[in-house]
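Residue-level listing of the chains:
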Number of protein chains: 2
Amino acid sequence: MPLFDVPEDDLFGPHNLPYGVFSPAGSAERTVGVRLGDHVLDAGAAALALGSPYAELLARPSLNPLLAAGRTAWSDVRRALTAWVTVPSHRETLAPLVHPLDSVTLHLPFEVADYVDFYASENHARNVGRIFRPDAADSLTPNWKHLPIGYHGRSGTVVVSGTDVVRPGGQRTAPAGAAPVFGPSARLDIEAEVGFVVGVPSAMGTPVPLSGFRDHVFGLCLLNDWSARDIQAWEYVPLGPFLGKSFATSVSAWITPLDALDEARVAPPGRTHPLLPYLDDADEEPGGYDLRISVALNGHVVSEPPFSTMYWTAAQQLAHMTVNGASLRTGDLYGSGTVSGPAEHQRGSLLELTWNGRDALELPDGKRTYLEDGDVVTMTAWAPGAGGVRVGLGEVTGRVVAERVDAERLQD
Amino acid sequence: MPLFDVPEDDLFGPHNLPYGVFSPAGSAERTVGVRLGDHVLDAGAAALALGSPYAELLARPSLNPLLAAGRTAWSDVRRALTAWVTVPSHRETLAPLVHPLDSVTLHLPFEVADYVDFYASENHARNVGRIFRPDAADSLTPNWKHLPIGYHGRSGTVVVSGTDVVRPGGQRTAPAGAAPVFGPSARLDIEAEVGFVVGVPSAMGTPVPLSGFRDHVFGLCLLNDWSARDIQAWEYVPLGPFLGKSFATSVSAWITPLDALDEARVAPPGRTHPLLPYLDDADEEPGGYDLRISVALNGHVVSEPPFSTMYWTAAQQLAHMTVNGASLRTGDLYGSGTVSGPAEHQRGSLLELTWNGRDALELPDGKRTYLEDGDVVTMTAWAPGAGGVRVGLGEVTGRVVAERVDAERLQD
C-alpha cells in the first residue's frame, strides 16, 4: 500500500491523510496539502495534474471550500486522494508534487468563523471546582451534568501551531485583596483540548440534532487553549472568561477528517443523570473518540490525557450549541474543553498538574508551576486505526515569549 | 445646504450621512449607500459618476473596504460625500442615484469578525445585582469598578434590523428546583445597547491605548442584544452567557461615523475608584457620547435610556479588550452593554423595567412582562449636533416569531 517511502506503521500513512494549507519553500502562495509521513502532497496540483474535478476544492488557499462541500464530497475527495497516493501508476506524476514537511510553511488551514470552547471533562471540572471552591458541597456546578457548558472565545486570535505566544498583560488581584495590580500574567497555563471544525452551515432557527454531527462536522485537530489563570480569576465573575483566554488559542496545522477516525469511536462514560431528549445519545452511534494525547513541556512529557474519558461528546456539544436556533457557519471551531483523565499524570492543565502552583513539576531543566518565558509546549496524539495501525493527529506547539509592551507606556 | 428635499432639521440630513449596504428595488446586487432623509444615495455609483477615486471603497458589496481604509480615508470620503449632496451642480448627476428608503432592501452592512458584549452601565449592573443576588452586600461584583466586564458573543448570528427573531428553545430550571425542563424561552428579553464597529486592525501582542480609539473605531450603531433570561440563569455559572444570547443580536442597518458625532461627546460620570493607567481617561478627550435612546414595544415607548450615563466608555472598552495583546480585525463589533439610566423609565431591558416580571408594563394592547410572539421591538436614538440640529442613528427593529421546531422532534 504505502508509496512515497512511508513506512507501513507511520502515523501519517495513506490511512490518515489529514488536510492542511501550506506554502512550498520560497513561495508565499498558499494551497491545500495532504500530509503523508514527513512529506506534504500538493493536493491541488495533484488534482490538476490528474485531471480531477476536485481541483476546484483543493487548488485553493484555504480549506473552506472543501469544508463547505459537505459529507458526500468529503468522502469522494478522500477516496480519490487515497487512490492517488496508493496506486503505483500515479507515482511518476505525483512525485514532483510532494514536498518535505520541514521545507514548507504551514498556515492556519481555514478561516475561523465563530470559536466556542466547552468544559466537557468531568475530571477537569471536578479538579477546578476543588481548587477554586474548596468549601462547596459539590465540586461541580448544578448544571454540569445536564448540559455541556460552553462559552464563545475570540476567533481572531486562533493561530496555527508554531506561532509564538506573547505573555499577556492584565489585571489581577493583589495578594492583600486590595485594588488590582497590572502586569504580565504570572500564572500562564495551557489547556490540552481537541478542536472540532464545522464544514456545513445550518439555518438560523433550526437546531441540529445529535444525528446531524457527521453531516456538519468535517474533522478535528489538537487545540491549546492558552490561559492566564490570574487574569481569569479576577475577571470571570459574572460573565465568564475574557482576557484570560482571548490573547491566543493554538490549533494544529492538520485537520484530521472524521472518516480517518472510524476505528477510534467509543462510547462515552456512563451517564449518571438522565438527559433531555436533544442530548440523549443512548441510542446513537458511539459519540466518543479514543484519542491518546501527550503534552510535553520543553520536550518532557508531563501529561497523557485520554480523550475517551470526556463526559460530553462533540455531537452533544453541536446539538446543544444549536438548540436555541443559533446557526452554524463554515469554519466554526469548537474546543472540547480541557481533557483530563482520572489519574494525576492525565491532567490537561498546569493548574491541575501543580494544583494551582502548590506542587511544582520536577523537570530535567528545573521546577515548573506555571509557564516561564521561552517554554515550549507541544501536544501530540494518536488514535487506534484499522489493522492496528495508529492514526496520528498533527501536533500543536507554541513557545512563550516575553510581553513586548511596558505597562507604563500604555498611559501614553 | 440641504439638497434632495431634505428638511433643514431632518435627523438624517447632510450633517449625518450614515453608511449602509442596500439593494435597489428589483436587484439582488449589494452596494454601499448613504442615508439622506428618507432616501438612500448609491454612494458607489455616485463616486463612479463623479470620477471619484473613492469608488474603490464605495462601489463594494460591504463596508469592510471602507472600514479597513483608516481614519484619513474616512474623513476624506465623508468630506467628498458632504460636497456631493450639498453642492447644487451635482444635483443633476446624482438625482437618478437616489432611491426612496422604503423601496430598497437593507443588508447587514459589514462582515462581523469578533463580537464582544460589555456590561458598562452602573445602573444596569446594580439593578441586575439587586434582582439576582438580593442578599449580596454589594450589588456590584468586586471587579466592576476596576475593569469594563465583557465577554465574547456569537458573530454568526448578528443580524440586520428588520430580521425576525425566532424564540429560542432551551433548558431552564423547573420551579421546584429539580431537573431542568426543555421548551421555548418564557422570559425573552431585549437589551438596548450601542455597538461600536472596528475598522483598522491591530497586531497581536500590541495593546491599543485609550488614545487609539478614533484610529481604530469607525463608527457606531444601535444594537439589540436579545436575551433569554430563563436559559441564561440556568447556564451562566461558571463560564458566562452562551445560549441565552447566541440565538440573535440585531444591529441597525446604518453605521454612523464617529465624525458625525463630535458635538455629542461628553465626559463620562465621575469615577468613584482610581483606575489603572491603561484605563485612566482623566486626561483624555471626553470619551462618552450623549445619545438619547428610545425603546418602543409594538409602537409604544417603554424606555428612554441615556447613553451619557455609561460608566465605561467605548475607548476604555477598546483599551481593555486589547490590553492582553488580543488583536483587532476589520469588522470587529463590540456592544456597550445594556444602557440604563438612573430613573425607572430609563431602564434598557424588560428584566429591569418589570423587575424580573414582578411589575408588568401596562401597554395600550395589554400587559407585558417578557416578550410574546408577534411583539415588535424598535430602538431609535438621536444625538445633539452642530447648530442644534439633531443627528439620528438608524433604528434597530425586530419581531419575535414562534419557535419553529417541536422539542420532541429533536430526539430524531
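A quick note: this is a predicted structure, and the numbers were derived from the prediction, not measured.

1. Some thoughts on the environment of Ala314 of chain A
All names here are of chain A. Positionally, Ala314 belongs in helix 9 (residues 314–322). Accessibility expressed as a relative area gives 4% for Ala314, which makes it buried. Spatially, the C-alpha atoms of Ala314 and Trp254 are 19 Å apart, while their sequence positions differ by 60 residues. Setting aside chain neighbours within four positions, we find Ala314 in contact with Phe196, Phe213, Gly287 and Tyr334.

2. Here we look at the UniProt feature "domain: Fumarylacetoacetase N-terminal" (unreviewed entry) in chain A
UniProt's feature table lists "domain: Fumarylacetoacetase N-terminal" (unreviewed entry) at residues 15–109 of chain A, given in the numbering used throughout. Here residues 15–109 of chain A runs as 39% helix and 22% strand, with 20 Å between its end C-alpha atoms.

3. Here we look at the sheet that holds strand 1 (residues 19–23) of chain A
Residues and elements named next belong to chain A. The strand order across the open sheet built from five strands is 4-3-2-1-5, with neighbouring strands paired in antiparallel fashion. Two strands lie at the open edges of the sheet, namely strand 4 (98–100) and strand 5 (105–107), each paired on one side alone. Sheet twist, expressed as the mean angle between neighbouring strand axes with direction ignored, is 45°. Here strand 1 runs beside strand 5; their pairing, made up of three bridges, is antiparallel. Residue pairing for strand 5: Ser23 is matched across the bridge by Thr105. The strands touched by helix 4 (residues 71–86) are strand 1, strand 2 (31–36) and strand 3 (39–42); relative to strand 1, the strand with the most contacts, the crossing angle is about 65°.

4. Some details on the sheet that holds strand 25 (residues 376–384) of chain A
Residue and element names in this part refer to chain A. Ordered by their spatial adjacency, five strands build an open sheet running 9-26-25-20-21, and the pairing between neighbours is mixed. Either end of the sheet is taken by a strand with one partner, and the two such strands are strand 9 (165–166) and strand 21 (300–303). The sheet contact formed by strand 20 (residues 292–297) and strand 25 spans six bridges and is antiparallel. Its bridge partner being in strand 25, Ile293 is matched across the sheet by Ala381.

5. Details of the domain arrangement of chain A
All names here are of chain A. Here chain A is described as being made up of domain 1 (19–107) and domain 2 (115–403). For domain 1 and domain 2, the distance between their C-alpha centroids amounts to 29 Å. On the side of domain 2, 19 residues touch domain 1, which itself brings 20 residues to the contact. Both sides of the domain 1 and domain 2 interface together cover about 1,600 Å² of buried area, and 66% of this is carbon and sulfur. The largest share of the area that domain 1 buries against domain 2 comes from Tyr19, Leu67 and Arg71, three residues that together contribute 39% of it. There are one salt bridge connecting domain 1 and domain 2. One salt bridge in this structure joins Asp259 and Arg71, with 3.0 Å as the shortest N-O distance. Summed over the shared surface of domain 1 and domain 2, the result is four residue pairs in polar contact (both at pLDDT 80 or more). Put simply, the parts of the chain that give the side of domain 1 that touches domain 2 at least two residues each are strand 1, strand 2, helix 3 (64–69), helix 4 and strand 5. For the side of domain 1 that touches domain 2, the class distribution of residues is eleven nonpolar, six polar and three charged.

6. Digging into unusual backbone geometry
Residue and element names in this part refer to chain A. Omega for the peptide link from Val237 to Pro238 comes to 10°, which places this bond in the cis form. Along the polypeptide, Pro238 turns up in the loop between helix 8 (229–235) and strand 16 (249–251). In this structure, Asn298 takes a positive phi of about 50° despite not being glycine. Here Asn298 is to be found in the loop between strand 20 and strand 21.

7. Considerations on the packing of aromatic side chains
Under the criterion given, the structure shown has 20 aromatic pairs over all chains. Between Phe242 of chain A and Phe118 of chain B, the ring centres sit 5.9 Å apart and the planes meet at 80°, which makes this aromatic pair edge-to-face. In this pair, Phe242 of chain A sits in the loop between helix 8 and strand 16 while Phe118 of chain B sits in strand 6 (residues 115–118), so the two residues belong to two different chains. Given the relative accessible area of 2%, Phe242 of chain A is considered buried. Note on Phe118 of chain B: relative accessible area 2%, which makes it buried. Clustering of aromatic rings is evident, with ring pairs tying together Phe118, Phe196, Phe213, Phe307 and Tyr334 of chain A together with Phe242 of chain B. Across from the ring centre of Phe12 of chain B, 3.6 Å away, lies the NZ or CZ of Arg35 of chain B, which sits over that ring.

8. Description of the interface of chain A and chain B
If you look at the interface, chain A gives 67 residues, while chain B gives 67 residues. When chain A packs against chain B, close to 6,300 Å² is buried across both sides, 62% of that on carbon and sulfur atoms. Remark: the boundary between chain A and chain B carries two salt bridges. Here chain A is connected to chain B by 26 residue pairs in polar contact (both at pLDDT 80 or more). Top contributing element to the side of chain A that touches chain B by residue count: strand 7 (residues 150–153) of chain A, with four residues. Grouping the amino acids of the side of chain A that touches chain B by side-chain chemistry returns 39 nonpolar, 20 polar and eight charged.

9. Comments concerning the relation of the copies chain A and chain B
The two copies are related by a screw operation: chain A maps onto chain B through 180° of rotation and 0.0 Å of translation along the axis, at an RMSD of 0.0 Å. Such a combination of turn and shift is consistent with a two-fold rotation axis. Taking C-alpha positions as reference, the residue of chain A nearest the rotation axis is Gly240 of chain A, located at 2.0 Å. Comparing contact sets, 100% of the residues at the interface of chain A also lie at the interface in chain B, consistent with an isologous, same-surface contact.

Cut-offs used in this document
Residues numbered from 1 in each chain as written. Chains lettered and ligands numbered in written order. Predicted model: local features only at pLDDT ≥ 70, side-chain atom pairs only at ≥ 80, totals over all residues. Heavy atoms only, no water. Helix = DSSP H or I, 4+ residues; strand = E, 2+ residues; numbered from the N terminus. Buried < 20%, exposed > 50% of the residue type's maximum accessible area, 1.4 Å probe, protein only. Contact = heavy atoms within 4.5 Å. UniProt positions renumbered as here; feature names shortened; annotations may be inferred. Pairing = 2+ DSSP bridges. Axes fitted to C-alpha atoms, helices over the stretch in contact; angles between N-to-C directions. Domains from an automatic or database assignment. Buried area = accessible area lost by both parts, 1.4 Å probe. Salt bridge = Lys/Arg side-chain N within 4 Å of Asp/Glu carboxyl O. Polar contact = N/O pair within 3.5 Å; in protein donor to acceptor, adjacent residues only side chain to side chain. Nonpolar A, V, L, I, M, F, W, Y, C, P; charged D, E, K, R; others polar. Phe/Tyr/Trp six-rings, centres within 6.5 Å; stacked < 30°, edge-to-face > 60°. Lys NZ or Arg CZ within 6 Å of the ring centre and 35° of its normal. Least-squares fit on C-alpha atoms with pLDDT ≥ 70 in both.

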